[in-house]
Amino acid sequence: FYWAASCGGCEIAVLDIDEKILDVAANAEIIFWPVALDYKYNDIEDMADDTIDVCFFNGAVRTTEQEHLAKLFRKKSKILIAFGACATQGGIPGLANVADKKELFETAYLDNPSTENPDQIIPKNKSRVKEGTLDLPDFFDTVKSLDQVVTIDYYIPGCPPPTKLIVNAITAILENKLPEKGSVLAPLKSVCDECPRERSEKMIGKVKRVYELDDIDPDKCLLEQGIICMGPATRGGCDARCLDANMPCTGCGGPTPNSIDQGAKMISALASIIGIERED
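The following refers to the structure shown.

About the cut-offs
- Residues numbered from 1 in each chain as written.
- Predicted model: local features only at pLDDT ≥ 70, side-chain atom pairs only at ≥ 80, totals over all residues.
- Heavy atoms only, no water.
- Helix = DSSP H or I, 4+ residues; strand = E, 2+ residues; numbered from the N terminus.
- Buried < 20%, exposed > 50% of the residue type's maximum accessible area, 1.4 Å probe, protein only.
- Areas by Shrake-Rupley, 256 points an atom, 1.4 Å probe, with all protein chains shown as cover.
- Lys, Arg positive; Asp, Glu negative; His and termini not counted.
- Charge placed at Lys NZ, Arg CZ, Asp CG, Glu CD.
- Salt bridge = Lys/Arg side-chain N within 4 Å of Asp/Glu carboxyl O.
- Axes fitted to C-alpha atoms, helices over the stretch in contact; angles between N-to-C directions.
- Parallel < 35°, antiparallel > 145°, perpendicular 65-115°, else oblique.
- Left-handed = near helix turned anticlockwise from the far one by under 90°.
- Contact = heavy atoms within 4.5 Å.
- Nonpolar A, V, L, I, M, F, W, Y, C, P; charged D, E, K, R; others polar.
- Pairing = 2+ DSSP bridges.
- Core = buried A, V, L, I, M, F, W, Y, C linked by side-chain atoms within 4.5 Å.

**Topic: the overall build of the protein**
So, point 1. The secondary structure content of the protein amounts to ten helices and eight strands.
So, point 2. In terms of overall dimensions, the protein has a C-alpha envelope of 75 × 60 × 30 Å along the principal axes.
So, point 3. Counting the 280 residues in the protein, one finds 40% classified as buried.
So, point 4. When the accessible surface of the protein is summed, it comes to about 16500 Å², and 52% of that surface belongs to carbon and sulfur atoms.
So, point 5. Placing the 30 positive and 45 negative side-chain charges of the protein at their respective mean positions leaves the two points 3 Å apart.

Here is the structure:
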C-alpha cells in the first residue's frame, strides 16, 4: 500500500473492511505500508522485479518523489491498482491544476491572510541545516493521475473506495478471479441506478445549494429539487450513501462506463431538466 498526493482516507478505508483484513493477513505478507508499518524505500528498491504480487497505490502524483515511487512500484509489482479517486482521476489534488506551482506557492506561503511569513520564505529543493543539506522532492506544475505516469492493471474508484469494492477486489485477488487488465473493479451501473429516490422527469427552474433549501425531501430526486447531483454521470458501487444522507453525489466514482467525459455527460443530463423561462 502506498500513499501519494491524497488525504489518507483511502488508507483508513482499507481498515474498514474489518475482519476481512484477517483473510489478507492469512494469505499475504504485507511488505510495504508506511501508514501502519516501518519500511523504507530501499526495502522495495532492493527487491527483484515482479516480486510484489499486488500494489494498491492511492493518491495522485504531485512530486518527483511520488513519480519515483509510482515507477518503482510498477517495476516491482505484478499487479498495480490505482486505488481511490486521486489515483484514478487526480481527485481533489487535481483541482490545483487551474494554477501553476508559482501561483500555488504564492497563495499558500505569501499571499494568504492566515499566513505569517515576514521573510517571504517558500519551500526549496535544497535547504541547509546544521546537520547538513536536506534534499526535498520537486513540486510539479501539474497533478497527474497514476495512469498518466505508469501503466495500470486495475482501477478501484471512490473517495475513498466503498468497503464492498475493496472486499470484492481482495476476494477476486485471493481467488484468482480478476477480470481482464484495464478493468474498473466496480459495477457498470450509475449512482442513479442505486439511488432509491423517486424521479419524475420534472423540469427545474433554478439551481440551488443544499444550504439554500430549508427542507430537503428525502424521497425525491435531488436534481429535481434543484440541487446539482452528479449521480447520472457517475459510476456506482457506493450504494448512493451520500444521497442517503441528503448530500448530492460529487462524482468521486468516476465516469460511467462508455462515457468519454464525465463533465460533458453531466452537462447533458442538466440540459435535459433545466427549464428556460422566457421574458416577454
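**What about the pattern of salt bridges?**
Opposite charge on two side chains permits them to pair, given that their charged atoms come into close proximity.
So, point 1. A complete count under the given rule lists eleven salt bridges for this structure.
So, point 2. For Lys 40, the salt bridge goes to Asp 38, with nearest N and O atoms at 3.0 Å.
So, point 3. Asp 38 sits in the exposed class, given a relative accessible area of 63%.
So, point 4. Members of the salt-bridge network, linked through shared partners, are Arg 74, Asp 153 and Lys 181.

**What to know about the packing of helix α2 (residues 20-27) against helix α7 (residues 163-174)**
So, point 1. In contact at an axis separation of 11 Å, α2 and α7 are set at 25° when each is read in the N-to-C sense. Between α2 and α7, the crossing angle belongs to the class labelled roughly parallel. For the element pair α2 and α7, the recorded crossing hand is left-handed. On α7, the residues that touch Lys 20, Asp 23, Val 24 and Asn 27 of α2 are Val 167, Ile 170, Thr 171 and Leu 174.
So, point 2. Its residues assigned to classes, the contact of α2 with α7 comprises four nonpolar, two polar and two charged.

**What about unusual backbone geometry?**
So, point 1. In this model, Cys 159 is joined to Pro 160 through a cis peptide bond whose omega is -5°.
So, point 2. Backbone geometry at Gln 120 places phi at a positive 55°, although glycine is not the residue there.
So, point 3. Structurally, Gln 120 is set in the loop between α6 (101-110) and β5 (126-129).
So, point 4. The backbone of Asn 258 shows a phi angle near 70°, a positive value even though the residue is not glycine.
So, point 5. Residue Asn 258 is classed as exposed on the basis of its relative accessible area of 83%.

**Observations concerning the pairing of β5**
So, point 1. Relative to strand β6 (residues 132-135), β5 runs antiparallel, the two being bridged by four bridges. Residue pairing across strands places Lys 126 opposite Asp 135, the latter belonging to β6.
So, point 2. Between β5 and β6, which pair antiparallel and follow one another directly, the connecting turn spans two residues.

**As for the pairing of strand β4 (residues 77-83)**
Moving residue by residue along a regular strand, the side chains alternate between the two faces of the sheet.
So, point 1. Burial runs high along β4: six of the seven residues are buried.
So, point 2. Note that strand β2 (residues 52-58) and β4 share six bridges and pair parallel. Counterpart to Phe 56 in the pairing with β4 is Ile 81.
So, point 3. Across three bridges, β4 lies against strand β8 (residues 154-156) in parallel orientation. Bridging across to β8, Ile 81 finds its partner in Tyr 154.

**A closer look at the nonpolar core**
So, point 1. In this structure, Tyr 2, Ile 44, Phe 57, Phe 73, Leu 80, Leu 146 and Ile 152 are the most contacted members of the largest nonpolar core, which totals 21 residues.
So, point 2. Sorting the residues of this core by element identifies β2, α4 (64-76) and β4 as the ones contributing at least two each.
So, point 3. No other element matches α4, which puts four residues into this core.
So, point 4. If you look at the next biggest cluster of nonpolar residues, it comprises 19 residues, including Trp 33, Phe 56, Phe 83 and Tyr 154.

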